[in-house]
Amino acid sequence: MTREETKQMLMVLQAAYPNYRPQDKTIAINTWYDALCSHPAPKINAAVKAYILSDTSGFAPSIGQVIDKMQLFDDAEEINEMAAWQMVLKAMRNATYHPEEEFARLPAIVQKAVVSPGQLREWATAEDTDGAWLTVTQSNFMRTYRAEVARGREIRKLSPDLLRLVSKTVDQIKPKEISVSEERKNEEEKPVPMPERVREKYEKLKRVIA
């Protein structure tokens, strides 16, 4: 979304909400543009329109509310948890001998819930005499899948620039944490010096034994 497109979008909001009057239009445009520039304008405009058509509060949306509306379009394209589990069941049929190939065919979000080809093979070769194992495995998978879907939704709300900043910050922190950890480990491994009085008694004991 360009800065000009952001300006046009804010004009639409002002037309729909007469009480929406930013004190400084330049700051308002810059703020919205900075938050939404990584998203396609048609999608943002559709989210704004969806908000206007469904709103009953009479107040213009915040940036987060527009992103939440936009998220609905992505949610509609998501695989529901039962459909995801059916994909896993289908993959399990041939995962005893070809787990890597079957795992690779699964959508990325389903792969995250399965975790690995090894896990898929383990499920495929498990013995389930009374059906209880499959029920528990299905329940655990669906819970993990829901968590991955929710995590993906939150990540999609963030701009690529912000994600890169977070990733860079984490990379900068990790070496420091390792360094501190190693320093503590080294300190713990250092021998504790023997007190002078104890050392003297130890030397006397050695002479007696000798």
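Residues numbered from 1 in each chain as written. Predicted model: local features only at pLDDT ≥ 70, side-chain atom pairs only at ≥ 80, totals over all residues. Heavy atoms only, no water.

1. Digging into the pattern of salt bridges
Here is the rule we go by: Should a side-chain nitrogen of Lys or Arg be within 4 Å of a carboxyl oxygen of Asp or Glu, the pair is scored as a salt bridge. Where helices and strands are cited, they refer to DSSP runs of H or I of at least four residues and of E of at least two residues respectively, numbered from the N terminus.
Under the defined criterion, the tally for this structure stands at 3 salt bridges. Where R105 meets E102, a salt bridge forms, and the shortest distance between an N and an O atom there is 2.8 Å. Remark: E102 and R105 occur in helix α6 (residues 99–105); sequence separation between them is 3 residues, near one turn of the helix. The partner of E148 in a salt bridge is R151, with the nearest N and O atoms 3.9 Å apart. Of this pair, E148 and R151 both sit in helix α9 (residues 132–157), 3 residues apart, which is roughly one turn of the helix.

2. Re the packing of aromatic side chains
This is how the line gets drawn: Only Phe, Tyr and Trp rings take part, Trp by its six-membered ring, and two of them pair if their centres are within 6.5 Å. Stacked means planes under 30 degrees apart, edge-to-face means over 60, and tilted covers everything else. A 1.4 Å probe rolled over the protein chains alone gives each residue an accessible area, and that area as a share of the maximum for its type sets the label: buried under 20%, exposed over 50%, partly exposed in between.
Applying the stated criterion to the full structure yields 4 aromatic pairs. Seen from their ring centres, W85 and F141 are 5.5 Å apart, and the 45° between their planes marks the pair as tilted. Of this pair, W85 sits in helix α5 (residues 81–92) while F141 sits in helix α9; the two residues are 56 residues apart in sequence, bridging distant segments of the chain. Using a relative accessible area of 1% as the deciding quantity, one classes F141 as buried.

By themselves, these observations are geometric and do not establish any function.
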